[in-house]
Amino acid sequence: MNLIRIENLCVNYGAKAVLHGVDLNVNAGEIVTVVGPNGSGKTSLLRAIIGATSPQKGKITLKDNLKIGYVPQRLNFDSSLPMTVERFMHLSNNINKKECFSALEKAGAPDIFKSQISQISGGQFQRVLLARAILNKPDILLLDEATQGLDQPGSALFYKHIEDVRRETNCAILMISHDLHVVMSTSDRVICLNGHVCCSGTPASVASDPEYKAMFGAGTAGTLALYQHHHDHDHDHSNKEVEPNA
Amino acid sequence: MLDDFMTRAVLAGIGVALAAAPLGCFVVWRRMAYFGEAIAHAAILGVAISLMLQISVFAGALMVALLMAWIVTLLSGKNYAMDTLLGVLAHSSLAFGLVFVSFLSGIRIDLMAYLFGDILAVSQYDLAVIWLGVILVLLLMYWRWSALLISTLNEEMAYASGLNPKRDKIILTLSLAITVAVAIKVVGVLLIIAMLIIPAASARIFARTPESMAIIAAIIGCLSAFGGLEAAYIFDTPAGPTIVCIAAISFVTFNILGFIYKSIRQ
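None of these values were measured; they are calculated from a predicted model.

Caption draft 1: The arrangement of the packing of helix α1 (residues 5-29) of chain B against helix α8 (residues 165-187) of chain B in detail. Residues and elements named next belong to chain B. The interhelical angle for the contact between α1 and α8, taken along N-to-C directions, is 150 degrees, at an axis separation of 10 Å. Judged by the twist between their axes, the crossing of α1 over α8 is left-handed. On α8, the residues touching A12, G13, V16, A19, L23, F26 and V27 of α1 are L172, S175, L176, T179, V182, A183 and V186. Residues belonging to the contact of α1 with α8 are distributed by class as follows: 11 nonpolar, 3 polar and no charged.

Caption draft 2: The arrangement of the nonpolar core in detail. Counting residues in hydrophobic clusters, the biggest one holds 161 residues, and the most contacted among them are L45, F88 and I140 of chain A. Examining the composition of this core, we find that 15 residues originate from one element, α1 of chain B, more than from any other. With residues near it in sequence (within four places) discarded, F88 of chain A still touches L75, M83, I117, V128, L129 and R132 of chain A together with L153 and M157 of chain B. In terms of nonpolar packing, the next biggest core, distinct from the first, is built from 10 residues, C192, C199, V206 and Y212 of chain A among them.

Caption draft 3: Region of interest: the pattern of salt bridges. Residue and element names in this part refer to chain A. As enumerated under the stated definition, the model contains 12 salt bridges over all chains in all. Put simply, K42 and E145 hold a salt bridge, and the shortest N to O gap is 3.9 Å. Highlighted residues: K42 in helix α1 (residues 42-50) and E145 in the loop between β6 (140-144) and α5 (152-169), separated in sequence by 103 residues. Under the relative-accessibility criterion, K42 is labelled buried at 5%. Relative accessible area serves as the criterion here: at 7%, E145 is assigned to the buried category.

Caption draft 4: Fine view of the packing of helix α2 (residues 33-53) of chain B against helix α4 (residues 82-103) of chain B. Residue and element names in this part refer to chain B. The geometry of α2 relative to α4 is characterised by a closest axis approach of 8 Å and an angle of 20 degrees between their N-to-C directions. By the criterion of interaxial angle, the relationship of α2 to α4 is roughly parallel. The handedness of the crossing between α2 and α4 is left-handed. Contacts from Y34, F35, E37, A38, H41, A42, I44, L45, A48, I49 and M52 in α2 reach D83, L86, G87, A90, H91, S93, L94, F96, G97, L98, F100 and V101 in α4.

Caption draft 5: Up close: the environment of L176 of chain B. All names here are of chain B. Along the polypeptide, L176 turns up in helix α8. The exposure class of L176 is buried, given its relative accessible area of 1%. Between the C-alpha atom of L176 and that of A69, which follows or precedes it by 107 residues, the distance is 9.6 Å. Contacts of L176, omitting those with residues within four sequence positions, involve L23, V27, M32, F35, G36, I39 and L196.

Caption draft 6: Spatial organisation of the environment of I215 of chain B. Summarising the element assignment, I215 of chain B is placed in helix α10 (residues 210-235). In sequence terms I215 of chain B and F96 of chain B are 119 residues apart; their C-alpha atoms lie 37 Å from each other.

Caption draft 7: Local environment of the side chain of S50 of chain B. Here S50 of chain B lies in helix α2. Those residues in contact with S50 of chain B that lie beyond four places of it in its chain are I55, S56, V57, G60 and A61 of chain B.

Caption draft 8: Structural context of the layout of surface pockets. When its volume is computed, the largest pocket comes out at roughly 1,100 Å³. What lines the largest pocket is a set of 35 residues, among which R30, M32, E155, P165 and K169 of chain B lie closest to the centre. A per-element tally of the lining of the largest pocket places α8 of chain B first, with 6 residues. Space inside the second largest pocket adds up to approximately 740 Å³. In this structure, the second largest pocket is lined by 20 residues; those nearest its centre are Q119 of chain A together with R204, I205, A207 and K262 of chain B. Those elements giving two or more residues to the lining of the second largest pocket turn out to be α9 (192-204) and α11 (239-265) of chain B. For the lining of the second largest pocket, the leading source of residues is α11 of chain B, giving 6 residues. Here the lining of the second largest pocket is built from residues that sort into 8 nonpolar, 8 polar and 4 charged.

What counts, and where the lines are drawn
Residues numbered from 1 in each chain as written. Chains lettered and ligands numbered in written order. Predicted model: local features only at pLDDT ≥ 70, side-chain atom pairs only at ≥ 80, totals over all residues. Heavy atoms only, no water. Axes fitted to C-alpha atoms, helices over the stretch in contact; angles between N-to-C directions. Helix = DSSP H or I, 4+ residues; strand = E, 2+ residues; numbered from the N terminus. Left-handed = near helix turned anticlockwise from the far one by under 90°. Contact = heavy atoms within 4.5 Å. Nonpolar A, V, L, I, M, F, W, Y, C, P; charged D, E, K, R; others polar. Core = buried A, V, L, I, M, F, W, Y, C linked by side-chain atoms within 4.5 Å. Buried < 20%, exposed > 50% of the residue type's maximum accessible area, 1.4 Å probe, protein only. Salt bridge = Lys/Arg side-chain N within 4 Å of Asp/Glu carboxyl O. Parallel < 35°, antiparallel > 145°, perpendicular 65-115°, else oblique. 1 Å grid on protein atoms, 1.4 Å probe; cavity = no way out; pocket = protein on both sides within 12 Å on 5 of 7 lines; lining within 4 Å. Points joined across faces, edges and corners; volume = space filled by probe spheres on them.

Here it is as C-alpha cells:
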C-alpha cells in the first residue's frame, strides 16, 4: 500500500518551474531519502505533499487518514516567545504529560522537560522536534534537512535514532538531506532530485549512477563506501537482532 | 454605575487592554509591529471617511484598516522590502487621513481625540461597541491560539498538522483591525501599537510559556489603564498618553527587576 503516491508533479514559483514530471511513491515502513543540490526543488516537494504549495499539474494521493509527523529544519521563533519543551510537546497533541515525558525520555532528553527551548543545544533541539513529531504515532515522518547545524557525529546519532523509530513503530520516513554519506547508509531508497528525478534506487546503485556522480562528484561515492563500512560494523556490535525492513 | 464617566473610562481601558494582551503577544512574536502600525494609521483615514459619510467611526475605521491589511498582503514580496512598503503605506494613509479631515468644514473636529484617544468621553454606546469587539477578539484568539502558535513557529509544521496557516493569519489580521477600531476612542491611532506591544514585551521578562505571557500582559495592560486614568486625574494630564506612560514605566521596571533577579540567581 502506498502511503504517498505522486504522479507527474509540476510545481512553479512564479514563472520558474521548480519541479516537473516528478513521480514518487512511499510505501509503509520504508526510509526514502531525497538528495539534490540547492534549488533542486526538495523543499517544494515536501511543501506540496503537506499541502503548503499547490501543484501546477500532477496528482498527489495520500492514503486515507494518513497521519504525518513533520520535523522542520528550524523554528522561526526569537527570544521574545517563551516556550518550555513541555509546552512545545503539547502544542498540537492532546496527549498527557506522562506520554510527553516518556517520549522525551526515549529521545534521550528527559532532563530538559522544563527548559526553555531557546536554551537547549542544537542536538537536544532536534531530538525534541523528532520526539514531538512521533507523539501522534504518525504513519509517515517527513524530515526537512533536520540535521542542519549538527556536526557529523551529531547527525550520525540523529539518523541512528530515526532508524530506531522506524524499527519500533514501522513508520515510513521521507527525508530531505544534504548529509549524503550519513543519510544514504540509513536509507532503503534514495531519490536524486534536480527539478526532476535524475535517478533513484538503493543507496549503492544511486551512488554509482553517472548522473549522481556528475551532480555530487565521484568523491562522495568514496566517502559513502567508507561510511557504510563503519556503519555496518557498528550494527554488528550493537543491533544483532535488527530485522531487515518489514 | 455606567453613568459615571470615570467608570466608563476604566471599563473601556480594561477592555482594550484585555484584547490587546494575547494579540500583542502575536504582534511581538511574529514581528508585526510595523504592520500593526500601518493598520492603525490607516484607521485615521477611516475616521475621516466615516465623518464625511456620517457613518459609525468604528465601522469606517474597521473597514479601512482591513482594506489596508489587504493591500499590504497584495503588495508584499513584490518590489520592496516589507518595512519599506509598510512605512510608505502607514505614513501616507496617516497624511491622507489628516488632509481629509481638514476638508470637513462646518463641524469642528477635535483631531487630537482620534490621534491620542478621548477615553474620558467614552459613551455607553461606545462602551458597548468596545466590549463587543473585545469579546469577539478574545473568542477568536482563544479559538485559534494553538494553531497560531504552531504556524508562528513553523508554517510547514502547521500544514502537516492539518492546519491552514493562511486562514489563521487572516483571523489574526481581522482581530488586529477590530482591536484598532475599538481602541481609537481609548488611546487613539498613534498609541494603539503601544498598548499592543508594551504590555506583551514587559510580560516576556517573567513568562515561561506563551499563555503566561498573554496573562501577564493582560494584567499589566489593565493596571496601566487603571493607573493611567488615576494619574491623569491627579496630575491633570491627557488620559491616553498617560496610560501608555504607565505601561512604559512598567516595562522599564520589569526589565530592571528581571536583571536583578538574574544577577541574584547566578
